[in-house]
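Chain and residue survey
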Amino acid sequence: MRYTSSMISARMKNLHPYVPGEQPKDREYIKLNANENPYPPSPLVRKTVVCAAKKFAKKMGLYPDPDSNELKTAIADMLNKTGGVLCRTELKGGKKNGSGAECSPAAADKIPFAVTPDMIYCGNGSDEVLSFVFYAFFDSDRPLILPNFTYSFYPVYAGFYNVPLNQVPLKADWSLDREKMLSEANAAESSIIFANPNAPTGIGLSRDEVRTMIKAAPKDRVFVVDEAYVDFGGESCIPLLAEFTNLVIVRTFSKSLCGAGMRLGYVVSSPELVNHITTVKNSLNHFPIDFLSQQAGIAACKDAGYYAVCAKKVAEERDSFSEFLRERGWFVIPSQTNFVFVRKEGHSAEEAYRKIKQAGILVRHFSTPGIEEFLRITIGTHEQMSELKRVMESI
Ligand SMILES: *Cc1c(COP(=O)(O)O)cnc(C)c1O
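We now turn to the structure provided with this report. Because the structure is a prediction, the values reported are computed rather than measured.

Turning our eyes to something else, we now look at the overall build of the protein chain. Across its full length, the protein chain holds eleven helices and 15 strands. Residues counted as buried form 53% of the 395 residues belonging to the protein chain. Look at the contacts in the protein chain between residues 6 or more apart in sequence, and 74% of them connect residues 24 or more apart. Both charge centroids of the protein chain, one from 47 positive and one from 45 negative side chains, sit 5 Å from each other.

Structure (structure tokens):
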């Protein structure tokens, strides 16, 4: 018996898998290459998981709630209490680390209606959620409009689902070319997707800018905004759900909710669109979120104050690190996220990446033409950033 390529389905040729930030095992690195949160989950999450395993061991032998209803309710509550932007959430009481604090949204972030559980879809990380969004809303008969530099998983799903792409170049200042994206979308009656704030640039559009964009985009196609990083300083588009039924917002626990290992992501949209995503889920994997992750997610939402303090610390550290680099001649794109995208004239980013790695710190370098001169550096704890500053001065 031998392997032949005729064993492989024809559709496999469309697969071009995503390459995540490296996870080397050869030594202990300070990991600033995958935009994970440097802080652990809240004490309430840790306690809840331990108690759930002890008290409800039997539940692990049973199927979990297929629709994560309690988790959806907890997410809706958290969004209403924080306005969907943790770094500006106002806190009262609680511990010094924010745990147990009462949360209320900053005036500018307040959502002018109550987010309800039927507006939420929860999945196994927002990567899975995005794949279901692609399946539910994008066809092979027209191109999907997106920036040429944005989250690099979108083109992977486009290959998987056979959706053609129209990748619109960013402007010279690295911001989205909104006019061009809209004219392309209208010419082909297409959907639009981008991350806001965008990755790997870190630049965000204001809610007003997105509103103007959705108004001018095709009304009979969904408009997808990926808010993976919005808690670190962007403006959430959740309030726009009152105006647009074609808006789909994707969010994750992996960045601002210190939960990349829990694999939780969600959509906030109109109940009608949420139902279609649920249909995709029920046609593929009825139970994408296991019992323990549901418990952990619920606890995280109930302790938003803790995550608000983490997001504020990350945002402060980001601003001070950006200042540090600018003072030393680096070009730093102003970031609203938990990473910075930076380059230095006349210096090879790849070489800098290698030297920083030799010193025990991992950052991200993309060899993609157009951004190969940049490093993407995730913001860590104060201690980690002090070490990185020391290393960057020495190279
Ligand atoms: C990290 C990231 C995701 C994926 O998040 P998971 O929930 O861990 O799958 C999605 N979109 C963007 C823009 C991201 O940066």
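Alright, that's what it looks like, and here's the rest.
By size, the foremost hydrophobic cluster in this structure holds 89 residues, and its most contacted members are Ile 192, Phe 223, Leu 247, Phe 253, Phe 321 and Leu 375. Ranked by residues supplied to this core, first place goes to helix 9 (residues 304–327) with ten residues. The contacts of Phe 223, once residues within four sequence positions are left out, are Ile 192, Phe 194, Val 210, Met 213, Ile 214, Ala 217, Asn 246, Leu 247 and Val 248. Listed in part, the 28 residues of the second largest apolar core include Phe 132, Phe 134, Val 248 and Val 274.

The next subject is the side chain of Asn 196. With respect to the helices, strands and loops of the structure, Asn 196 is situated in the loop between strand 7 (192–195) and helix 6 (207–216). A polar atom in the side chain of Asn 196 sits 2.6 Å from the backbone nitrogen of Leu 205. Those residues within four positions of Asn 196 in sequence are excluded, and the remaining contacts are Ile 203, Gly 204, Leu 205, Val 210, Val 225, Asp 226, Glu 227, Val 230 and Glu 235.

What follows is about the site of the ligand. Neighbouring residues of the ligand: Gly 125, Ser 126, Asp 127, Tyr 151, Ala 195, Asp 226, Ala 228, Tyr 229, Thr 252, Ser 254, Lys 255 and Arg 263. Interatomic distance of 2.9 Å between a backbone N/O atom of Asp 127 and an oxygen atom of the ligand. When the free accessible area of the ligand is taken as 380 Å², the share hidden by the protein chains comes to 94%. By residue number, the principal contributor to the shell around the ligand is helix 3 (residues 125–137), which donates three residues. Taken together, the residues of the shell around the ligand sort by class into four nonpolar, four polar and four charged.

With antiparallel pairing, the four strands of this open sheet are ordered in space as 11-12-15-14. Edge positions in the sheet fall to strand 11 (331–332) and strand 14 (364–365), since each of these pairs with one other strand and no more. This element, helix 9, spans strand 11, strand 12 (339–343) and strand 15 (375–378) of the sheet and lies at about 10° to strand 12.

As a further point, take the packing of aromatic side chains. Overall, the coordinates contain 20 aromatic pairs when judged by the stated rule. Ring plane angle 85° and centroid distance 5.5 Å describe the contact between Tyr 151 and Tyr 154, whose orientation is recorded as edge-to-face. Accessibility expressed as a relative area gives 18% for Tyr 151, which makes it buried. When the centroid spacing of 5.0 Å and the interplanar angle of 70° are considered together, the rings of Phe 160 and Tyr 161 count as edge-to-face. By the ring-pair criterion, three or more aromatic residues cluster together here, those being Tyr 18, Phe 134, Phe 138, Tyr 151, Phe 153, Tyr 154 and Tyr 157. The side chain of Arg 376 reaches across the aromatic face of Phe 339, ending 5.9 Å from its centre.

Bringing the pattern of salt bridges into the picture now. Under the counting rule described, the total for this entry stands at 17 salt bridges. Of the charged contacts, one joins Glu 36 and Lys 31 as a salt bridge, the two residues approaching to 2.9 Å between their closest N and O atoms. Measuring nitrogen to oxygen at the nearest pair gives 3.5 Å for the salt bridge that ties Arg 328 to Glu 327. One continuous salt-bridge network, built from bridges that share partners, spans Asp 208, Arg 211 and Glu 243.

For the pair helix 2 (residues 69–82) and helix 8 (residues 291–302), interaxial distance at closest approach is 9 Å and the crossing angle is 20°. One element, helix 2, and the other, helix 8, form an angle in the roughly parallel class. When the axes of helix 2 and helix 8 are compared, the crossing they make is left-handed. Across from Glu 70, Leu 71, Ala 74, Ile 75 and Met 78 in helix 2, the residues of helix 8 making contact are Gln 294, Gly 297, Ile 298 and Cys 301.

Before going further, it helps to examine a nonpolar patch on the surface. Taken together, the side chains of Tyr 3, Met 7, Ile 8, Met 12, Leu 15 and Phe 160 make up a nonpolar region of the molecular surface, amounting to roughly 630 Å² of accessible area. In this structure Met 7 comes out as exposed when scored by relative accessible area, which is 52%.

Next up on the list: helix 5 (residues 178–188). Within helix 5 the residues assigned to the buried category are Met 181, Leu 182 and Ala 185. Mapping the buried residues of helix 5 onto a view down its axis gives an arc of 95°, with all of them on the same face. Helix 5 presents Glu 179 and Ala 187 as exposed residues on the side facing more than 90 degrees away from its buried surface. The inward-facing, buried residues of helix 5 contact strand 5 (144–147), strand 6 (165–168), strand 7 and helix 6. Two residues or fewer after helix 5 comes Glu 189, characterised by a positive phi angle close to 55°.

Calculation criteria
- Residues numbered from 1 in each chain as written.
- Predicted model: local features only at pLDDT ≥ 70, side-chain atom pairs only at ≥ 80, totals over all residues.
- Heavy atoms only, no water.
- Helix = DSSP H or I, 4+ residues; strand = E, 2+ residues; numbered from the N terminus.
- Buried < 20%, exposed > 50% of the residue type's maximum accessible area, 1.4 Å probe, protein only.
- Contact = heavy atoms within 4.5 Å.
- Lys, Arg positive; Asp, Glu negative; His and termini not counted.
- Charge placed at Lys NZ, Arg CZ, Asp CG, Glu CD.
- Core = buried A, V, L, I, M, F, W, Y, C linked by side-chain atoms within 4.5 Å.
- Polar contact = N/O pair within 3.5 Å; in protein donor to acceptor, adjacent residues only side chain to side chain.
- Near = heavy atom within 4 Å.
- Areas by Shrake-Rupley, 256 points an atom, 1.4 Å probe, with all protein chains shown as cover.
- Nonpolar A, V, L, I, M, F, W, Y, C, P; charged D, E, K, R; others polar.
- Pairing = 2+ DSSP bridges.
- Axes fitted to C-alpha atoms, helices over the stretch in contact; angles between N-to-C directions.
- Phe/Tyr/Trp six-rings, centres within 6.5 Å; stacked < 30°, edge-to-face > 60°.
- Lys NZ or Arg CZ within 6 Å of the ring centre and 35° of its normal.
- Salt bridge = Lys/Arg side-chain N within 4 Å of Asp/Glu carboxyl O.
- Parallel < 35°, antiparallel > 145°, perpendicular 65-115°, else oblique.
- Left-handed = near helix turned anticlockwise from the far one by under 90°.
- Patch = residues over 30% accessible without salt bridge, like charges linked within 9 Å, V, L, I, M, F, W, Y side chains within 5 Å.
- Arc of directions from axis to C-beta.

Interpretation in functional terms is not warranted from these geometric data alone.
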